[in-house]
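Coordinate inspection notes
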Amino acid sequence: MLSGSGLVAGYRKNAPVLDGVDVEVPPGGVVGLAGPSGCGKSTLARVLSLLQQPWAGRVSVDGVAVTGFRHAAPREQRTKIGLVFQQPRQAVDPRFTLWQIIAEPLYALGRSGEATDRVAELAERIGVSDELLHRRPHEVSDGQLQRACLGRALVVRPRYLICDEMTAMLDASTTAALVRVVDEQVRDGDTGVLAISHDEMLLERWASRVIRLCQEHVWDADPRPSVPGHAPTEVIGHA
Ligand SMILES: Nc1ncnc2c1ncn2[C@@H]1O[C@H](COP(=O)(O)OP(=O)(O)OP(=O)(O)O)[C@@H](O)[C@H]1O
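Since we're looking at a predicted model, the values are computed, not measured. (Residues numbered from 1 in each chain as written. Predicted model: local features only at pLDDT ≥ 70, side-chain atom pairs only at ≥ 80, totals over all residues.)

1. Comments concerning the overall build of the protein chain
When you go through the protein chain residue by residue, the secondary structure sums to 8 helices and 10 strands. Counting all 239 residues of the protein chain, 41% fall into the buried class. Within the protein chain, contacts between residues separated by at least 24 positions form 67% of all contacts whose residues are at least 6 apart in sequence. (Helix = DSSP H or I, 4+ residues; strand = E, 2+ residues; numbered from the N terminus. Buried ≥ 20, exposed ≤ 12 C-beta atoms within 10 Å, placed from the backbone. Contact = placed C-beta atoms within 7 Å.)

Here's what the structure looks like:
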């Protein structure tokens, strides 16, 4: 389980963005995270992927409490959590080819010997041709680049995957293709996914549970009732 409990985090003193948030992402399932713009979804994604230290509260990975964040995050825990961002162009080195982008985490971990086979296997799954693998970001579309970013997030077989608005700028068919790849990873790799999206229809189709992150000033006085046949919705984010 990837879990956060009592998480308090923010950027300005005395103005927490997250104020006592509890969240659990079990392996082998998709949890949806919705909520209004600015309520802290990306902040929660950064904290859970150990890129941002919370002011208070605890993150634990498979029952082991995280003791360090960012550069101090233990490598074993850090590599268990993959992250895909909304804007692929801001998330990659523009000098790298798609092959290098996907392989990068293996090189960083000193496992470059696995790269040739692993990138070939992933390229097929994410739908990136050999020819595309040799192109650089400015030579491919956003959807093609996002496929490579998903490949990069999966290359070290993370136990958990956080998709932060992964499909927000993509068309319906690319969205469906990427969701399919993530679902295969859930099924075959027993990976736990936190899928963050503004698109609640997508989340209701995709996730087995949807949580809404609210702040007091954007508290939804009328949280959407759960609809029969759709993922149940719960509201978190209050101390
Ligand atoms: N680096 C930062 N420095 C200062 N404030 C920030 C920073 N990043 C985010 N914030 C602020 O924190 C709040 C939460 O931002 P966050 O990006 O987590 O929200 P979000 O729910 O993901 O929004 P969106 O749905 O629009 O992406 C916002 O008010 C935002 O302006």
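2. Quick look at the pairing of strand β2 (residues 15–25)
Within a regular beta strand, the side chains point alternately toward one face of the sheet and then the other, so they alternate between its two faces. When strand β1 (residues 2–12) meets β2, the two strands line up antiparallel, connected through 8 bridges. Each residue of the ladder has a partner; that of S3, found in β2, is E24. A loop of 2 residues connects β1 with β2, the two strands running antiparallel in sequence, and N14 in this loop sits at a positive phi of about 65°. (Pairing = 2+ DSSP bridges.)

3. Re the site of the ligand
Close to the ligand lie Y11, V17, G35, S37, G38, C39, G40, K41, S42 and T43, which account for all nearby residues. In terms of residues, the shell around the ligand owes the most to one element, helix α1 (residues 41–48), which gives 3 residues. For the shell around the ligand, the per-class residue count stands at 3 nonpolar, 6 polar and 1 charged. (Near = placed C-beta within 6 Å. Nonpolar A, V, L, I, M, F, W, Y, C, P; charged D, E, K, R; others polar.)

4. A few points about the packing of helix α4 (residues 115–126) against helix α6 (residues 142–154)
Contact pair α4 / α6: the axes reach a minimum separation of 10 Å and the direction vectors enclose 135°. The angle between α4 and α6 places the two elements in the oblique class. As α4 packs across α6, the resulting crossing turns out to be right-handed. Note on element contacts: α6 touches α4 through R147, L150, G151 and L154, opposite L122, A123 and I126. In the contact of α4 with α6, the residues fall into 5 nonpolar, 1 polar and 1 charged. (Axes fitted to C-alpha atoms, helices over the stretch in contact; angles between N-to-C directions. Parallel < 35°, antiparallel > 145°, perpendicular 65-115°, else oblique. Left-handed = near helix turned anticlockwise from the far one by under 90°.)

5. As for the nonpolar core
Core analysis: the largest hydrophobic core is formed by 63 residues, its most contacted members being I102, I162, C163, L194 and A195. If one sorts the elements of this core by residue count, α6 sits on top with 6 residues. Beyond its immediate stretch of four places on either side in the chain, L194 contacts V25, V31, L33, L48 and I162. (Core = buried A, V, L, I, M, F, W, Y, C linked by C-beta atoms within 7 Å.)

6. Let's talk about the pairing of strand β8 (residues 192–196)
Among the 5 residues that make up β8, 5 are buried, leaving the element largely enclosed by the rest of the structure. Residues G192, L194 and I196 of β8 are buried on one face, and the alternating residues V193 and A195, pointing to the opposite face, are buried as well. Of the pairings in the sheet, the one linking strand β3 (residues 30–34) to β8 comprises 4 bridges and is parallel in character. What sits directly across from G32, in β8, is A195. Pairing of strand β7 (residues 160–164) with β8, which is carried by 5 bridges, proceeds in the parallel orientation. Following the sheet pairing, L161 is matched in β8 by V193. In terms of handedness, the path from β7 via helix α7 (residues 172–189) over to β8 forms a crossover that is right-handed. (Right-handed = clockwise from strand over helix to strand, strands pointing away.)

7. Observations concerning the packing of helix α3 (residues 98–108) against α4
It is at 10 Å that the axes of α3 and α4 come closest, and there the two elements cross at 130°. As the angle between them shows, α3 and α4 are arranged oblique. The hand of the α3/α4 crossing is right-handed. Contacts between α3 and α4 pair W99, I102, A103, L106 and Y107 from the former with A115, R118, V119 and L122 from the latter. When grouped by side-chain class, the residues that make up the contact of α3 with α4 number 8 nonpolar, no polar and 1 charged.

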